[in-house]
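# Architecture and fold: a report
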Amino acid sequence: MLGWFKKKEQITEIEIISPVAGTIVPIEQVPDEAFASKAMGEGFAIEPSEGKVLAPFSGKVAHIMEKSKHAILLEHSTGVQVLIHVGINTVGLKGDGFQPHVKVGDQVKQGQLLLSFDIDKIQQAGYPVITPLIIPDGQDQVERITINIENNTPMLTPLAIVHLKS
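Residues numbered from 1 in each chain as written. Predicted model: local features only at pLDDT ≥ 70, side-chain atom pairs only at ≥ 80, totals over all residues. Heavy atoms only, no water.

Per an unreviewed UniProt entry, the protein goes by the name PTS system glucose-specific IIA component and belongs to Paenibacillus turicensis. In its Subcellular location (unreviewed entry) section, the UniProt entry covering the protein states "Cytoplasm". (UniProt positions renumbered as here; feature names shortened; annotations may be inferred.)

Here you go:
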C-alpha cells in the first residue's frame, strides 16, 4: 500500500521569459553573425530599456564569464542551459560596466537579479547593447524549441518554450 506518496511530475517543457526589460528582437536581427545565423543555437534578443538581467526561470548559475562579466549561463533542473549575453563584443570592456549579483553554483529563482550593466557606458564604448538569449545547440534532452515573440510582448510572457524529449 504505497498510494500515500505522489509520483514526481515529469517536466515536458521549460518556459523562458525575457531576462531583460526592453524591446524583443528576432535573433536574426542581432548584429553578430554567430548569433544571427543561429550557429550557437536558437533564441531571441532584447534591446534593453534598463540594465538588469533577471533569471528567465528558476535554476542554477552554471557559469559567469569571470573577467568580462558580460555573459551568464543558467541551468534548469532538467539540465537544459541558456546563455544570456549582454551586448555584442562587450568582452572588450573587460568587466567595466558589469556587476554580477550571483556566483557560479548559486540556486536562483525566476525573476531574481543576476547581473546589472551600464547601458550608457557600453554604448559610449561603441558596443551594441542588444542582449541575445540562446538555448545552445547540442543539448540531448531538447526535442525542439518554440520561439514566441511579437512586438510589445509583456515582460512575463514566455518568449521561448523548450520542449523536452520524453
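That covers the picture; the talk isn't over yet.
All right, on to the pattern of salt bridges then. This structure, assessed with the given rule, holds five salt bridges. Residue Lys38 pairs with Glu42 through a salt bridge whose shortest N-O separation is 3.2 Å. Classification of Lys38 as partly exposed rests on a relative accessible area of 29%. Ionic pairing is found between Glu143 and Arg144, a salt bridge with its closest N-O pair at 4.0 Å. One connected set of salt bridges, linked through shared partners, spans Glu28, Lys38 and Glu42. (Salt bridge = Lys/Arg side-chain N within 4 Å of Asp/Glu carboxyl O. Buried < 20%, exposed > 50% of the residue type's maximum accessible area, 1.4 Å probe, protein only.)

Attention now moves to the sheet that holds strand β1 (residues 13-17). On the basis of which strands lie adjacent, the open sheet formed by three strands has the order β1-β13-β12 and antiparallel pairing. The open sheet has two free edges, formed respectively by β1 and β12 (142-147), since each of these has just one partner strand. Sheet twist, expressed as the mean angle between neighbouring strand axes with direction ignored, is 20°. In the sheet, β12 pairs with strand β13 (residues 158-164) via five bridges, with the strands oriented antiparallel. Residue Arg144 lies in a different strand from β13, and its bridge partner there is His163. (Pairing = 2+ DSSP bridges. Helix = DSSP H or I, 4+ residues; strand = E, 2+ residues; numbered from the N terminus. Axes fitted to C-alpha atoms, helices over the stretch in contact; angles between N-to-C directions.)

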